[in-house]
Amino acid sequence: MRNVLLVTLLLFSAVFSPAQTPFFDRDSLVVPGAAARLIANQFSFTEGASVDRRGNVFFTDQPNNKIWEYDVNGQLTLWLDSAGRSNGTYFDRKGNLVTCADEKGQLWSISPDKKIRILMKDYQGHQFNGPNDCWVDRKGGIYFTDPYYQRDYWTRTKPDLEAMKVYYLPKGKDQAVMVAADLVRPNGIVGTPDGQFLYVADIQDRKIYKYRINKDASLSDRQLFAGMGADGITLDQRGNLYLTGNGITVFNPAGEKIAHIAIGPKSTSNLCFGGKDRKELFVTSSESIFVLSMQVKGVE
């Protein structure tokens with residue numbers, strides 16, 4: 001009996017040991033007592049949050065075809081009208097805002113003085129589905145997702161490409177290269193600061209995948225990172241991955257869920273860390289934008 005009891009205790013310890021159970025540590029991420037603060041709710045649908053080198057946050061109001069800026073002093077201003085129906089955005093190292101301009105399935109680069117340069121128009125003569133989200137690597141190349149979402153401002157009613165994939169546009173080129181075709185509907189995308197890994201959210205298949213980035217910018221070694229989908233995604237300095245959808249869900253680098261953060265009454269679409277010290281989590285959510293004070297910094 002004593003041996004049976006000992007074995008039972010060992011099995012119980014192995015199954016329920018804290019080392020085997022994800023530790024939920026929202027309080028180590030969010031400033032104690034802080035809650036998401038509504039900044040404005042005057043928009044139609046907010047998306048594409050990204051941060052410049054000074055900590056100013058830019059985001060899109062796609063139905064209204066505008067890009068807005070929320071600066072480090074808390075001022076909200078219209079930054080660009082007639083924005084190509086831009087969705088996801090990301091700043092390159094020169095301070096240009098790269099946008100997924102899905103009105104005509106293009107990628108744009110918008111300089112600080114608001115001069116627009118079309119980086120890419122099509123894929124081997126076919127119109128893209130609608131570039132959705134992007135990430136710029138250290139070489140200046142752009143990874144982007146291309147799902148199909150029918151827009152009421154399009155004249156087309158079906159995709160020109162058969163599948164929804166992930167592409168890479170090398171710096172200085174005007175033709176993208178397909179790098180991942182193994183997703184159902186890719187959406188959010190972000191890479192690690194060291195340029196070694198790329199995370200892609202398959203929003204329809206409800207999965208997050210992690211790829212290894214090779215020297216030639218191709219992707220390999222796909223791994224299932226988390227069993228849930230997401231729209232926009234971002235990383236903090238600890239390597240935690242933040243997913244939008246039902247508020248904000250956070251996974252640590254091992255793929256363990258460590259926190260859930262409530263954000264307003266509606267689903268969230270995108271996010272980034274902004275502010276002078278990159279400790280303000282800026283979140284887009286339907287017609288609203290929110291800010292939450294964090295204890296951890298972002299890396300973008």
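Going along each chain's sequence as written, the residues are numbered from 1 onward. Reporting of local features is limited, given that this is a predicted model, to residues whose pLDDT is at least 70; pairs of side-chain atoms are given and counted only at 80 or more, and all residues count toward the totals for whole chains, interfaces and linings. Just so you know, side-chain values use all the structure's heavy atoms and leave hydrogens and water out.

1. Regarding the overall build of the protein chain
- Helix and strand counts for the protein chain come out as one helix and 24 strands.
- Each of the three principal axes of the protein chain carries a C-alpha extent, and together these read 75 × 40 × 35 Å.
- Relative accessibility decides the category of a residue: with a 1.4 Å probe and only protein chains considered, values under 20% of the type maximum give buried, values over 50% give exposed, and everything between is partly exposed. In the protein chain, which comprises 300 residues, the proportion classed as buried is 53%.
- If you take every contact in the protein chain between residues at least 6 apart in sequence, the share linking residues at least 24 apart comes to 47%.
- When the accessible surface of the protein chain is split by element, carbon and sulfur atoms take 51% of a total near 14300 Å².
- Taking the average place of the 36 positive charges on the side chains of the protein chain and the average place of its 33 negative ones, the gap between the two points comes to 3 Å. To qualify as a helix, a DSSP run of H or I must reach at least 4 residues; to qualify as a strand, a run of E must reach at least 2; elements of each kind are numbered from the N terminus. Contacts are assigned to residue pairs with any non-hydrogen atoms lying within 4.5 Å of each other. Note on areas: Shrake-Rupley, 1.4 Å probe, and residue coverage restricted to the protein chains presented here. Positive charge is attributed to Lys and Arg, negative charge to Asp and Glu, and no charge count is given to His or to the chain ends. Charge positions come from single atoms, namely NZ of Lys, CZ of Arg, CG of Asp or CD of Glu.

2. Comments concerning the sheet that holds strand 13 (residues 177-180)
- Paired strands are those between which DSSP finds at least two bridges. With respect to topology, four strands assemble into an open sheet ordered 10-11-12-13, the strand pairing being antiparallel. The two strands at the open ends of the sheet, each matched to only one other strand, are strand 10 (134-136) and strand 13. Averaged over neighbouring strand pairs, the angle between their axes works out to 25 degrees when direction is ignored.
- The sheet contact formed by strand 12 (residues 166-169) and strand 13 spans three bridges and is antiparallel. In the sheet register, Tyr167 faces strand 13, and the bridge partner there is Met178. Note on method: axes are straight lines fitted to C-alpha atoms, helices fitted across the in-contact stretch only, with angles between N-to-C directions ranging 0 to 180 degrees.

3. What about the environment of Val51?
- Tracing the backbone through its elements, the reader meets Val51 in strand 2 (residues 46-51).
- Sequence-wise, Val51 and Glu69 are 18 residues apart; in three dimensions their C-alpha atoms are separated by 9.5 Å.
- Those residues in contact with Val51, other than ones at most four positions away along the chain, are Asn56, Val57, Phe91, Cys272, Phe273, Gly274, Arg278 and Glu300.

4. Examining the pairing of strand 17 (residues 219-226)
- In the sheet, strand 16 (residues 207-213) pairs with strand 17 via five bridges, with the strands oriented antiparallel. The residue of strand 17 that forms the bridge with Arg212 is Ser220.
- Here strand 16 folds back onto strand 17, and the loop between the two strands holds five residues, one of which, Ala217, carries a positive phi near 80 degrees.

5. With respect to the nonpolar core
- Take the buried residues of types Ala, Val, Leu, Ile, Met, Phe, Trp, Tyr and Cys, join any two whose side-chain atoms come within 4.5 Å, and each joined set is a nonpolar core. Tyr143, Phe144, Ile208 and Leu241 are the most contacted members of the largest nonpolar core, which has 43 residues in total.
- Apart from the residues lying within four places of it in its own chain, the contact partners of Leu241 are Val190, Tyr199, Ile208, Phe225, Ile233, Thr234, Leu235, Thr249, Val250 and Phe251.
- Membership of the second largest hydrophobic core comes to 18 residues, among which are Ala259, Leu281, Val283 and Phe290.

6. Brief notes about the environment of Lys171
- Summarising the element assignment, Lys171 is placed in the loop between strand 12 and strand 13.
- Residue Lys171 is classed as exposed on the basis of its relative accessible area of 56%.
- Residues Lys171 and Gly140, 31 residues apart in the sequence, show an inter-C-alpha distance of 5.2 Å.

7. Digging into the side chain of Asp61
- With respect to the element layout, Asp61 can be found in strand 3 (residues 57-61).
- For the buried Asp61, which has no salt bridge, the nearest side chain bearing the opposite charge is Lys66, at an N-O separation of 7.4 Å.
- Within the local environment of Asp61, its side chain forms a polar contact with the backbone nitrogen of Ser44, the two atoms lying 3.2 Å apart.
- Between N or O atoms, a polar contact is any pair within 3.5 Å; within protein, one atom must be a potential hydrogen donor and the other a potential acceptor, and residues adjacent in sequence are included only when both atoms are from side chains. A distance of 2.8 Å separates the side chain of Asp61 from the side chain of Asn64, its partner in a polar contact. The working definition used for a salt bridge is a side-chain nitrogen of Lys or Arg within 4 Å of a carboxyl oxygen of Asp or Glu.

8. Remarks on the pairing of strand 14 (residues 186-191)
- Counting buried residues along strand 14, six of its six residues qualify, which places the element largely inside the surrounding structure.
- Pairing geometry for strand 14 and strand 15 (residues 197-202), over four bridges, is antiparallel. What sits directly across from Gly191, in strand 15, is Leu198.
- Between strand 14 and the antiparallel strand that follows it, strand 15, lie five residues; Gly195 among them carries a positive phi value of about 75 degrees.

9. Quick word on the side chain of Ser50
- Assignment of secondary structure puts Ser50 in strand 2.
- Of the residues examined, Ser50 reaches a relative accessible area of 4% and is grouped as buried.
- Of the polar contacts made by the side chain of Ser50, one reaches the side chain of Thr89; its length is 2.6 Å.
- Apart from residues no more than four positions distant in its own chain, Ser50 is found in contact with Asn56, Val57, Phe58, Thr89, Tyr90, Phe91, Leu97 and Cys272.

10. Quick look at the confidence of the model for the protein chain
- Here the protein chain averages 92 in pLDDT, while 92% of its residues score no lower than 70.
- Within a predicted model, pLDDT stands for the predictor's per-residue confidence, ranging from 0 to 100. Confidence over residues 1-23 falls short of pLDDT 50; this stretch has seven contacts with residues more than four positions distant or in other chains.

11. Things to note about the packing of aromatic side chains
- Classification of ring pairs uses Phe, Tyr and Trp, with its six-membered ring standing for Trp, and accepts pairs whose centres are within 6.5 Å; under 30 degrees between planes counts as stacked, over 60 as edge-to-face, and the remaining range as tilted. Within this structure, the stated rule accounts for 18 aromatic pairs.
- Between Tyr143 and Tyr168, the aromatic rings sit 4.4 Å apart at their centres with planes inclined by 50 degrees, giving tilted as the arrangement. Placement of Tyr143 in strand 11 (residues 142-145) and of Tyr168 in strand 12 is noted, with a sequence separation of 25 residues between them. Per residue, the accessibility class of Tyr143 equals that of Tyr168, and both read buried.
- Within the aromatic cluster, the residues linked to one another by ring pairs are Phe43, Phe59, Trp68, Tyr70 and Phe282.
- Two conditions define a charge located above a ring, namely a distance within 6 Å from the ring centre to NZ of Lys or CZ of Arg, and an angle within 35 degrees of the ring normal. The side chain of Arg85 reaches across the aromatic face of Tyr153, ending 4.1 Å from its centre.
- One cation-aromatic arrangement involves Arg156 over Trp154; the distance from NZ or CZ to the ring centre is 3.8 Å.

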